[in-house]
Each structure stands twice: as C-alpha cells, then as structure tokens.
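Geometric and topological summary
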Amino acid sequence: MDPNTDNSMSPKGGVASPTDINSRHGVNFSAPRGFMTKLKSAAKETLFPDDPFRQFMNGERRRDRIVKGFQYFVPLFEWLPNYNLRLFWSDLVAGLTITSLAIPQGISYAKLAEIPPVVGLYSSFVPPLIYAIFGSSRHMAVGTIAAASLLLFQTVSSVVKPEDDPTLFLHLIFTTTFITGVLQTTLGILRLGILVDFFSHSTITGFMGGTAVILCLQQLKGVFGMKHFTSQTSLISVVKAIIANGSEIRWQTTVMGIVFVAFLMATKYVKKKNEKLFWVAAIAPITTVIVGAVFTYIVKGQNHGIQIVGHLDRGVNPLSIHLLNFDSKYLPAVLKAGIITGVLSLAEGIAIGRSFAVVENTPHDGNKEMVAFGLMNLMGSFTSCYLTSGPFSKSAVNYNAGAKTQMSNAVQAVLMAMTLLFLAPLFGRTPLVALSAIIISAMLPLIDYEEAIHLFKVDKFDFLICISCFLGVTFISMDVGLFFSIGLGLLRGLLYVARPAACKLGKMPNSSDLYRDVEQYPVSTVFPGVLIVKLGSPIYFANSSYIKERIKRYIQSEESSGNIIERVILDLASVTSIDVTAIGGILELRKILGKNGKEMSIVNPRKEVMEKLILSRFEEVVGKETFFLSLDDAVAASQFRLSKADP
C-alpha cells in the first residue's frame, strides 16, 4: 500500500470521507470561557507558573497549613528544624572561609564606590543575616559586588562628587540602596521575575567582560600609586589620565602591585588545577592584605608614597535610616542607579543560585530570592550598608568550602561583627595597592573570551549583543553599554515576532502519522495537490501580512515545480495566541485562495486560539467542516475531495 495514502482509506478499502473522519475525532467547538476565567488562567500562568500554593491545598488541619505558610514565606523555618551539628560544622568552615574573603573585598569594593571602607565591612554583617532568614539558596554567599559598586559611583557622582561633599554622597548611596531594596522586594512579591530574563546570557557575558576591563583600568591608580586620576570609566579617559599624570607613578607601589597580582593569579591557577585546594585561592586576598600591611609598616611605606586605607572606626553598624535623602535635585540619578544596579544584581544573583541548585538538586525559588535580596538591601540602607547581592566568586568559594545551608551566611555575619568590634582599626593599615591587586585578580577571570568565541561560532546575533555591550561599557559607559545590548536583544525578539517560523510539512516514510519539515527531512513525501504549512509562533498584527505572503510564496514554489496546489492545510498546533488582525489576515488569504480555485483547512488550533476564532465567528465563515483534529484527517479529507473532483 502507498504510504502516502494508508491513513486515508476507509474500512472497506475506499477513500475515507470527511464524515467518517469527523465521526472518529470531532473538533471541539465548545463555547469560549468567560473573560474572568481567561484572565485568571493567564495571570496564574504568568505570575504563578510554579503553582507555589499547591502545598496548602492538601486538606490538612489549619495548624499544618499555617506551619507550611511560615515555611514557604520564611525559608528559615523550613531547614532549621532539621538542622544538626554535622551540618553546622560544614557551615562553620564555609563561613570562616567566606569571611576571610569578605574583609578584603568589602574594603576594596567600598573604595570602588568612593565611600568609607568600613561601610564595605558593615555590608557583610546585616545583609547576610537577613538572607539566612529569607533566602532560598543553600550555597549563596552574600556580599558587595564590584560592578554595582562602580556603577553606583559613576551614576551618583554625576550629581554630587564624593570629593566635594563626601557626607551627602554617602547619604545618596544609602538612598540608592533603599530604592534598590524597594524595587527588588516589589518584584518578588508581585512575582515579576520575568523582567530579569531580559538580561540574556550574551548581555551578561559582554557586560561582565567590559566591567572587568574598566575595573582593572581604574585600579591602575592604586597600582601606580598616583594621587590624581580620572573619575570617568571609559578606556580613553583612563589612558589620558595616566599620560597626563605620569610623573606621579611610584615604582615602589608598581612593583608591589605586580607581585601581589602574580601571587593572587597563581593561587587561582592552583585552585583550577586541583579543586580540593580551593582554600588556597580563598585565603589569598586576606593573606595579601596582612602581608601588605605588615610590609608597609616595617618599611614605613607612607614615606615612600605607599598609600594606606586610613583609620577605620571600631563598632557595628550605626543606624542610617534618618540619613536617607529624597531631594528632588538628586532623585533622578538615585532612581536610575537604584533601578539599574537592582535589576543587574538580581540577574546575577538569581542565575548563580539557580546554577548551584541544578548541580546539587536543591530547592531554589527566584521570586523568594528577589524578596530576600530586597529585604537585605532595605535593612542594609537602614544600617549603614550599601548594595549587596550574591557575587559569583564568593558564592563559588562558599560552595567549594562545603556550605550545606544558609547558616554559612549567619556565621559570616557573626565573624564580621567580631571583626568590626575588635579588629577593624588593624585593617586601616592596608595599602591601597593590595586592594587594587585583589580587585584586578578578581576581575581578570571575568573577561570570558572563550565564551565570546563560542557565541560567535553558534549564533552571530548573540555575539553581536555580547560584543556591543562589551565595547559600549569599555569605551562609553556602563549604563550605555548595558542599555544598548538590551535594546539589541529586544530588537531580536521583535524580529522573531515579526518574522515567525513557518515550514512546509511532508509525511515521513513508513510512519502512520509523523509529519516533519521537508527541508530538514528531504526523505519526507508531499501529497499531490496539497500544501501543509506549520506555523510555529503567535500570530499578531505585526506578522499576519508576512505569514500571508510566506504561504503564497510556498504555493508559487510548489506550482513552479509541477505540483498544482488545490488545498492548503494550516497546522496551528504550535500557535499559542492570535489577535483580530491575524484572524482577518487568514480570512483574506482564504479569499485569495478561493479566487484561484484553492481551499483551506485548519488543523488542531489550541484552546486559546479556538476561542478567539469562535468569538470572531471565523468558523461560521469558513465552515466547521474545514477544521480537523489531526493532519492525517485533513490530508484524508483533501484526497477525498480531490478524488471526487478528478476520478
């Protein structure tokens, strides 16, 4: 039997009629759902795709539901009841390790933001405590992040220079952190994590690479021991500043910087070769700080141009809620900085937490993470902290150190409090060149040229998004590069909407009901007089004309090769939605086909699409007999009509 017609035969051996087909599998033309029902379904799918409240619908006692509610909204109550001493020892080791990294990083990144170094230490005390209560990731380590620190400085300094009014500048940094906290908490409560998805992998790769370049360039001031430098971050501005102030370069600090960077990169190489020696790279920054401070003290480095951090006050975080400044003169810059850094830190933190959760098969909820980040930044703005998130380097150290639960962040907070109470003044002797070396060594691995090469090989548009962000950040500014890359990503999405996927289908040999793209599977066979077109995306006003023209070109292509098309079958199984303009476009296509003696059939529209077709009376215009449940039914009906027309 011919494989192209084996499913179109009736039980008696003849060609099956449409009545036989519809009696076996009738298309559902039931009345559309009401507006509120559809709205509720769409809102649930958009905001609650993971069905977070399913655990409360099991019919338990009211007390059990309350307990589950506390466990859902406050993850601490979920893991703490099962906590034991064995887990604590693992978290204690991890907490000690990340604290040794948090001290130099806190001081270094605070210097990037041009705020007092002790604020960087404050930011590793209160926020980790908040995250230990509300965070869902077991391996996330909370702390300040370099990119956000520099972005904060760059944006806020556009209205107030830190050297002109350091007090006001610091207050605006606290206000920016408050706005970031409000934004992140709101996004988490409203479950709008979909916004973070606009930061594609290509954008993040380009942004982190460009940020790493300008961060390394900014640290040349500390490495060279220069007192005058540019506040701008672009490559050209930094080069001009070095040339203009070249007479300030001190060979003593330059040698120290090169030695420190070489030492730190060597420890990273050791860790890369043997993951069990992760602790070597983890303690390297604090070792650099201690060695640098001792060396500077012994040789009286300040007399040789080696600059130090300066005095650090002893004591834990003072309240800063009364220092928040919402003056309309500064509010636009503060809002801009809060929104950009807030969304950027969310994208990085959620991606990192998700990657560890996949590796370890542990729970991770992106919306809970948003709430946790938001609350820790809100509380941080009230307690002299600035923006914090889950930096990759710190979280990776936490994971490799054996962290089992969020308790490692609580351990970090306690150890940081002890440092602030008893050891803070000692770190005031840290040479700035040591901090610059720490930042450079942390940033160099973020220039992921291998990933850029991979993007170029796989997808040229993804590479364009990545390289545009990299060049924009490096040569213009961080926010311009970021927005330009996001704009290209949105443009790509619009192109996908305006030019949706469509393909001609043919039936695979020796199969009962398998239809595939004829270009991808040339062995598939087409039916004489029949054109099957599969549409693979939503149909809107922006693409309805394109789809109409695309189908007309398919017909011309078939007929130019000798296959005179008499029936067009549209497979709508993959069309998730349709609008009124698109429905009108399909009706126009049907009229054009009718004038040329051709007919059209519709196969398997989804529920949402069918409801729109029924409400627009589409099925009354084209006739219910043109709707089919499967491609086999549509092909069989087409062959039946063709056989009746041409015996």
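Rules of the game
Residues numbered from 1 in each chain as written. Predicted model: local features only at pLDDT ≥ 70, side-chain atom pairs only at ≥ 80, totals over all residues. Heavy atoms only, no water. UniProt positions renumbered as here; feature names shortened; annotations may be inferred. Helix = DSSP H or I, 4+ residues; strand = E, 2+ residues; numbered from the N terminus. Buried < 20%, exposed > 50% of the residue type's maximum accessible area, 1.4 Å probe, protein only. Areas by Shrake-Rupley, 256 points an atom, 1.4 Å probe, with all protein chains shown as cover. Lys, Arg positive; Asp, Glu negative; His and termini not counted. Charge placed at Lys NZ, Arg CZ, Asp CG, Glu CD. Domains from an automatic or database assignment. Polar contact = N/O pair within 3.5 Å; in protein donor to acceptor, adjacent residues only side chain to side chain. Contact = heavy atoms within 4.5 Å. 1 Å grid on protein atoms, 1.4 Å probe; cavity = no way out; pocket = protein on both sides within 12 Å on 5 of 7 lines; lining within 4 Å. Points joined across faces, edges and corners; volume = space filled by probe spheres on them. Nonpolar A, V, L, I, M, F, W, Y, C, P; charged D, E, K, R; others polar. Core = buried A, V, L, I, M, F, W, Y, C linked by side-chain atoms within 4.5 Å. Axes fitted to C-alpha atoms, helices over the stretch in contact; angles between N-to-C directions. Pairing = 2+ DSSP bridges. Salt bridge = Lys/Arg side-chain N within 4 Å of Asp/Glu carboxyl O. Disulfide = S-S within 2.5 Å. pLDDT = per-residue confidence, 0-100. Right-handed = clockwise from strand over helix to strand, strands pointing away.

Per an unreviewed UniProt entry, the protein chain goes by the name STAS domain-containing protein and belongs to Acacia crassicarpa. What UniProt states about the protein chain under its Subcellular location (unreviewed entry) heading is, verbatim, "Membrane".

**Considering the overall build of the protein chain**
On a plain count of helices and strands, the protein chain comes out with 27 helices and six strands. Its C-alpha atoms put the protein chain at 105 × 65 × 55 Å along the principal axes. Taken across its 647 residues, the protein chain has 52% of its residues classed as buried. For the protein chain, the exposed surface amounts to about 30400 Å²; the carbon and sulfur share of it is 63%. A gap of 5 Å separates the mean positions of the 59 positive and 48 negative side-chain charges of the protein chain.

**Let's talk about the domain arrangement of the protein chain**
Quoted interface sizes are often the accessible area lost when the parts come together. The domain boundaries assigned to the protein chain delineate domain 1 (6–14 + 500–642) and domain 2 (79–304 + 314–492). Each of domain 1 and domain 2 has a C-alpha centre, and these two points are 54 Å apart.

**Focus: the side chain of Ser-524**
Residue placement: Ser-524 occurs in the loop between β2 (515–517) and β3 (530–535). At a separation of 2.7 Å, a polar atom in the side chain of Ser-524 contacts the main-chain carbonyl oxygen of Tyr-521. Setting aside residues no more than four positions away along its own chain, Ser-524 makes contact with Gly-506, Lys-507, Met-508, Pro-509, Arg-516, Asp-517 and Val-518.

**Structural notes on the UniProt feature "domain: STAS" (unreviewed entry) in the protein chain**
On the UniProt side, "domain: STAS" (unreviewed entry) is annotated at positions that read residues 520–638 here. Summarising residues 520–638: 46% helix, 15% strand, and an end-to-end C-alpha distance of 24 Å.

**A few points about empty space enclosed by the protein**
Scanning all chains against the criterion turns up three cavities of 30 Å³ or more. For the largest cavity, the calculated volume is near 80 Å³. Elements with a contribution of two residues or more to the lining of the largest cavity: α23 (544–560) and α24 (580–595). Per-class residue counts for the lining of the largest cavity are eight nonpolar, two polar and one charged. By volume, the second largest cavity amounts to about 60 Å³. Taken together, Lys-504, Leu-505, Val-526, Phe-527, Val-530, Leu-531, Ile-532, Glu-558 and Asn-563 make up the full set of residues lining the second largest cavity. Mapped onto the lining of the second largest cavity, the elements with two or more residues apiece are β1 (502–507) and β3.

**Some words on the environment of Leu-387**
Within the element layout of this structure, Leu-387 appears in the loop between α16 (366–382) and α17 (392–400). Spatially, the C-alpha atom of Leu-387 lies 21 Å from that of Gln-232, the residues being 155 residues apart in sequence. Apart from the residues lying within four places of it in its own chain, the contact partners of Leu-387 are Thr-144, Ile-145, Ala-148, Leu-152, Thr-177, Thr-180, Thr-341, Gly-342, Ser-345 and Asn-377.

**Some details on the nonpolar core**
Residues Ile-115, Phe-207 and Met-443 are the most contacted members of the largest nonpolar core, which totals 105 residues. When residues no more than four places from it in sequence are discounted, the contact partners of Ile-115 are Ala-110, Phe-169, Leu-170, Ile-173 and Tyr-386. Residues Leu-572, Ile-602, Leu-613 and Val-622 belong to the second largest nonpolar core, which totals 29 residues.

**Things to note about the packing of helix α20 (residues 449–458) against helix α21 (residues 460–475)**
Between α20 and α21, the shortest axis-to-axis distance is 6 Å and the interhelical angle comes to 145 degrees. For the pair formed by α20 and α21, the contact residues are Ala-452, Leu-455, Phe-456, Lys-457 and Val-458 on the first element and Lys-460, Asp-462, Phe-463 and Cys-466 on the second. The class makeup of the residues in the contact of α20 with α21 is six nonpolar, no polar and three charged.

**Some words on the sheet that holds β2**
The six strands are arranged β2-β1-β3-β4-β5-β6 in an open sheet whose pairing can be described as mixed. Single-partner strands in this sheet number two, and they are β2 and β6 (627–628). The pairing of strand β5 (residues 599–603) with β6 spans two bridges and is parallel. Along β6, the bridge assignment pairs Ile-602 with Phe-627. Running at roughly 145 degrees to β5, α24 makes contact with β4 (567–571) and β5 of the sheet.

**Quick look at the pattern of salt bridges**
Counting across every chain of the model gives eleven salt bridges. Linking Glu-558 and Lys-504 is a salt bridge whose minimum nitrogen-to-oxygen distance equals 2.9 Å. Residue Glu-558 is located in helix α23, and its partner Lys-504 is located in strand β1; the two are separated by 54 residues in the primary sequence. For the pair Glu-558 and Lys-504, a shared accessibility class is recorded, and that class is buried. A salt bridge links Lys-598 to Glu-559; the shortest N-O distance between them is 2.6 Å. Here Lys-598, found in the loop between α24 and β5, pairs with Glu-559, found in helix α23; they are 39 residues apart in sequence, far enough to count as distant. One network of salt bridges, with partners in common, ties together Asp-459, Asp-462 and Arg-492.

**Remarks on the state of the cysteines**
Summed over all chains, the structure comprises zero disulfides. In this structure Cys-469 is a free cysteine whose sulfur lies 7.5 Å from that of Cys-466, the closest cysteine sulfur available.

**As for the confidence of the model for the protein chain**
Scored by pLDDT, the protein chain has a mean of 83; 90% of the residues are at 70 or more. Residue range residues 1–15 is modelled with pLDDT below 50. Its contacts to residues more than four positions away, or to other chains, number 28 contacts.

**Overview of the pairing of β3**
Among the six residues of β3, five are classified as buried, and the element is accordingly described as predominantly covered. Where β1 meets β3, three bridges bridge the pair, whose relative direction is antiparallel. Bridge pairing in β3 links Cys-503 to Lys-534. As judged from the five bridges shared by β3 and β4, these two strands associate in the parallel manner. Directly across from Lys-534, in β4, lies its bridge partner Asp-571. One crossover worth recording links β3 to the parallel β4 by way of α23, and it is right-handed.

**Here we look at the layout of surface pockets**
One number sums up the size of the second largest pocket: a volume of about 780 Å³. Looking at the second largest pocket, it is lined by 30 residues, and the ones nearest its centre are Lys-111, Leu-112, Glu-114, Lys-221 and Leu-432. Sorting the residues of the lining of the second largest pocket by element identifies α5 (85–112), α8 (146–156), α9 (166–189), α11 (220–224) and α19 (432–443) as the ones contributing at least two each. With five residues, α19 is the largest single contributor of residues to the lining of the second largest pocket. For the lining of the second largest pocket, a count of residues per class yields 16 nonpolar, ten polar and four charged.

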